[in-house]
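What follows is each chain in one-letter form.
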Amino acid sequence: MATTGTSQEEFTLDTASELAAEEGGSKIEGKSPWALAGRRLRRNYVALAFLGIFILVVVLCMLAPLYVSHVSHLGQDDQNAGGFIHENGKKIPILSHGSTKFGSGGSVTLTPGGIPIGPQWGASGGPYFLGADGLGRDVGTRLLFGGRNSLQIGLTSAAICTILSIILALLAAYFGGACDWIISRFFDLIWAFPVILLGIALGTALSIDGFHHGPINIPAGSLWIPTLVIAFVFIPYIGRPLRGQVLALRNREFVEASTAQGAGSLRIMFSELLPNIASSVLVLFTLIVANAILTEVGLSFLGAGVQPPHPSWGTMIADGQDVLASDPWLSLLPGIAITITVVSLNVFGDGLRDALDPRAKVRIEH
Amino acid sequence: MRTKRVRSVAVAAVVAAGLALVVSACGSGGGSNETTTSATQGKTFPQLKVVWGTTDYMDPGLSYRLESWQIFQDVYLGLVAKRYGTCGVGAGCTKIIPALAQSLPKSNKDGTDLKFTLRKGLKYSNGEAVKASDFKNSIIRDFKLNSPGIGFFSNISGSAACEANPGKCSDISGIIVDDKAGTIQIKLDQPQADFLYILTTFFAALVPSSTPDKDTENPPPAAAGPYYISQYKPSRSFTVLRNPHYKPIPGIPTGNPDKIVAIMTNDLAQSAQYIQSGQYDYDENLLPTDRLKQLQQKYGNQIKLWRTPSTYYWFMNQRTPPFDNLKARQAVNYAINRQTLVNLRGGLGVPTENFLPPTYPQYKKITPPAYPYNLQKAKQLVQQSGTAGMTVGVYTISDDAVDKAQGEYLAGQLDKIGWKTKLHELAGANYFVIIGNQKTKAQIGFTDWFEDYPYPTDWFDVLENGKNIHATHNNNNSNVNFKDTNKEIDRLSHLPSSEAFTAKTTADWAALDKKLMVQYASEAPFLNGVITSFFASRMDPNCDVFTDLFDDMAQTCLK
């Protein structure tokens, strides 16, 4: 700690503050790195705008039950393939009627059907504001509930992944030796598999019968399956850069000082080292959320994530791809939602990184 | 057979005995709207370019898919064949013609001793002479390959050893051949009404005795028909050429294109696009349902629609709750809106409550409808069955958009009537193997059936007879096993030949259909499939000849 007025060489902020006070100027207050980062972030209007967009998406998705009770009156899995809507007194089938009729003399008449109604924009009194899918389900409802599922999986898996990565990185870098070797090889092992392929393999295997080992019982179709799979496959993508940072920190003076004061390993890791990598953790977390959402979408699209009939943005794109020519909105709407969410998270993540450490080059590398 | 599936080895083992040969009935097919092959003859052209769905094998001993069989009909011939003409609704394609045999067989009174004589001067595409022993060796080869068709031949005397140990099959005493005289004698353990129909399947097609006893694909085995497959790249392409050694056989079209070149894809939109752009001449795949309207408006004259001898239905496993309860099965039948299920197929289907398709003479439409769509009644039945709230596993195919949608529709309906469903969407390649395994205990799910041959035993004996329930590769997915209907199926299968197609027998099959579907609600049938044929503008769709299951490529012609 600096002392005041004892030496010309030891001129500090405190000294400057006292001198300023003596000269009648305003007192200079020291700013913590977090406060400085907050100030930098507040000045980054683009990042804040995209944070606002992300929050808006989250809020809209959280309001899905209200949309069901007040607007669509159809739950996320409620089918209405044989139903009708009324528009200006007209009865319109939700799926167009199709038939093939074989007449005498070999005549055949085909009436192509099965095409769902498009967006009604409120004309039907609420239901099918964004149209119906091939089973007469409300696209608006599914978009919001699908968003809930995608965001829930993305955020939860990113949180789990980050926590596990921090623990592993601290253990590996602080203890070194065999512990470091084992954890590093574990990172290498997962890193060796492409994320999506490992995700498909695990997701497919677990989606058949779920996970039942010891006290852990996760039924097939549970959202916890894609959540845990995604959390697992991203561990080295956070763990490795954090391990590198901890390695650089563990021989610094403040760690030696703490050791000299008799602090134990756990205290050094979590009270000394962790706060020093917190800014990187925060940035990596925001970036991994975006990646986790994208991975969930990919897995669900391929049938290894959220299981039907429950919606996610990925399953909605998969459902819509077969009718892309006639009902493009079925794939486009979840596609747009994904783009908005991921772009907003990435732009905000970049802003956060610039704010926390403008010189840092933290990024998720695949 | 089923769409894109390999059928059980065991199923046909029991295609029951009893009837004498239906040779007399073989001539009874054909209605007023049958197309003769002569209309398309003599319009040869150099090359036909086609787009084809992928298939399992290109070896007649192994393949059990429509995609291969459609090619095989102009390539591989057996002793007899189904007639090469468009079938009339109701009459079915029941007529059988001699192919490599000079005539239909001579037989004893009960039809257990059949004698064929080969036509003279027949040669395979590789120049080898067709010999009587090739028939026997082809059947033995089927056993050695563990072909899905070996169950069809279990009634041939002396086949038991081969059936018990297919890989070591070396002789079947019930097939006696004389290469010099060109005669083939087949002895059956007991009379079997549909045996001649079985001989029309490609498992009984002749291939040279020199053909290796393993999957032979590149090139596939030499053929005795008007064409042969010169090249095959699985899932990518194949080429079919004229058989240079083929001598015309009456009733079998010599074919118009000199060469058929195919690319293979399962992408329906891409497939249709190839035809629209004129790059290819014929689309074997179904038209994409979401583009039907657009394609029909623009290319209506180039699209033909055909009713297939097929039924799509929900199986209900009667060995496990809740479907061991009649009321639960009836509830499912009331809960499904058959018209909605047709809508989900884009309109390519005809709603049905029958098990037999209308292409059969034994078909009699169930009127008035036994199970009209009535969700309220379905709910009541679930309550009455005491199974409300039970968890029900619904199985369907994940990689076919329509099958997937239909499965999800069923799950939604079952949720509405009081059960809690758990959806199991499985890849099509494994789907029927998984649901056909009793260990899976699949409760309810999607299935379909396309005829192997046009006689009701292919439906009721294989799919509805309790004697044909197997631990694995089970086609009786509902495990239907009612004493009285089992007995009736056996009785009808054991009638003398003179009664095989009488009005009474026909009515009895129809009554059996009604009893199983209405009284026992053993299945929940919902539609008969309709398929599309899409031709490029240079082709003349009027030449299209649709045999009972597929278009005949050999008879296509240019405008």
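Residues numbered from 1 in each chain as written. Chains lettered and ligands numbered in written order. Predicted model: local features only at pLDDT ≥ 70, side-chain atom pairs only at ≥ 80, totals over all residues.

1. Details of the overall build of chain A
For chain A, the count of helices and strands is 13 helices and six strands. Projected onto its principal axes, the C-alpha coordinates of chain A cover approximately 110 × 55 × 30 Å. The buried share among the 366 residues of chain A stands at 42%. Counted over contacts in chain A with a minimum sequence separation of 6, partners at least 24 positions apart contribute 65%. (Helix = DSSP H or I, 4+ residues; strand = E, 2+ residues; numbered from the N terminus. Buried ≥ 20, exposed ≤ 12 C-beta atoms within 10 Å, placed from the backbone. Contact = placed C-beta atoms within 7 Å.)

2. Re the overall build of chain B
Broken down by element type, chain B carries 15 helices and 18 strands. Here the C-alpha radius of gyration of chain B, 23 Å, is about what a compact globule of 559 residues would show, namely 24 Å. Each of the three principal axes of chain B carries a C-alpha extent, and together these read 70 × 55 × 45 Å. Every one of the 559 residues in chain B was classed for burial, and the buried ones make up 60%. Relative to all contacts within chain B whose residues are 6 or more apart in sequence, the contacts with residues 24 or more apart total 74%. (Rg over C-alpha atoms; globule rule 2.2 N^0.38 Å.)

3. Quick word on the confidence of the model for chain B
It should be kept in mind that the predicted coordinates are not to be read in detail where pLDDT is low. Residues and elements named next belong to chain B. When the pLDDT values of chain B are averaged, the result is 88; 91% of them are 70 or greater. Mean pLDDT per element in chain B: helix H1 (residues 23–26) is the minimum at 37, and helix H8 (residues 326–335) is the maximum at 98. Across the predicted assembly, pTM comes out at 0.82 and ipTM at 0.78. (pLDDT = per-residue confidence, 0-100.)

4. Description of unusual backbone geometry
For the bond running from B:Pro321 to B:Pro322, omega is 0°, close enough to zero to count as cis. In this model, A:His73 sits at a positive phi of 60°, which is unusual for a non-glycine residue. Of note, A:His73 is situated in the loop between helix H4 (64–72) and strand S1 (84–87). Using a count of 14 C-beta atoms within 10 Å as the deciding quantity, one classes A:His73 as partly exposed. Located in the positive-phi region is A:Trp121, a residue other than glycine, with phi close to 50°.

5. Re the confidence of the model for chain A
Put simply, chain A has an average pLDDT of 87, and 90% of its residues get 70 or more. Low confidence marks residues 1–7 of chain A, where pLDDT is under 50. Its contacts with residues over four positions away, or in another chain, come to seven contacts.

6. Comments concerning the sheet that holds strand S6 (residues 175–178) of chain B
Whether parallel or antiparallel, the strands of a sheet pair through hydrogen bonds between backbone atoms. Residue and element names in this part refer to chain B. Read across the sheet, four strands follow the order S4-S5-S7-S6 without closing on themselves; strand pairing throughout is antiparallel. Both edges of this open sheet fall to strand S4 (106–107) and S6, since each of them pairs with a single strand only. As judged from the five bridges shared by strand S5 (residues 113–117) and strand S7 (residues 183–187), these two strands associate in the antiparallel manner. When the sheet's bridge partners are listed, Asp113 is paired in S7 with Lys187. Across the sheet, helix H3 (residues 132–144) touches S6 and S7, and the angle it forms with S6 is around 150°. (Pairing = 2+ DSSP bridges. Axes fitted to C-alpha atoms, helices over the stretch in contact; angles between N-to-C directions.)

7. Regarding the packing of helix H13 (residues 457–464) of chain B against helix H14 (residues 483–493) of chain B
Residue and element names in this part refer to chain B. As a packed pair, H13 and H14 sit with axes 11 Å apart at the nearest point and diverge in direction by 145°. The crossing of H13 and H14 is left-handed. Residues Thr457, Phe460, Asp461 and Glu464 of H13 lie in contact with H14, whose contacting residues are Thr485, Ile489 and Ser493. In terms of residue class, the contact of H13 with H14 is made up of two nonpolar, three polar and two charged. (Left-handed = near helix turned anticlockwise from the far one by under 90°. Nonpolar A, V, L, I, M, F, W, Y, C, P; charged D, E, K, R; others polar.)

8. A word on the pairing of S6(B)
All names here are of chain B. What you see with S6 is a clean split: Ile175 and Val177 sit on the buried side and Ile176 and Asp178 on the side with no burial. Here four bridges tie S6 to S7, and the two strands are oriented antiparallel to one another. Its bridge partner being in S7, Val177 is matched across the sheet by Ile184. Once S6 ends, the chain turns through four residues before running back antiparallel as S7, passing Gly182 with a positive phi of about 70°.

9. Observations regarding the nonpolar core
With 127 residues, the main nonpolar core has A:Phe234, A:Ile288, B:Trp314, B:Ala331 and B:Val332 as its most contacted residues. Counting residues per element, this core draws most heavily on helix H11 (residues 265–301) of chain A, at 17 residues. In this view, B:Val332 contacts B:Trp314, B:Met316, B:Ile444 and B:Ala524; residues no more than four positions away in its chain are not counted. Judged by nonpolar contacts, the second largest core, of 120 residues, contains B:Ala193, B:Ala222, B:Ile249 and B:Leu512. (Core = buried A, V, L, I, M, F, W, Y, C linked by C-beta atoms within 7 Å.)

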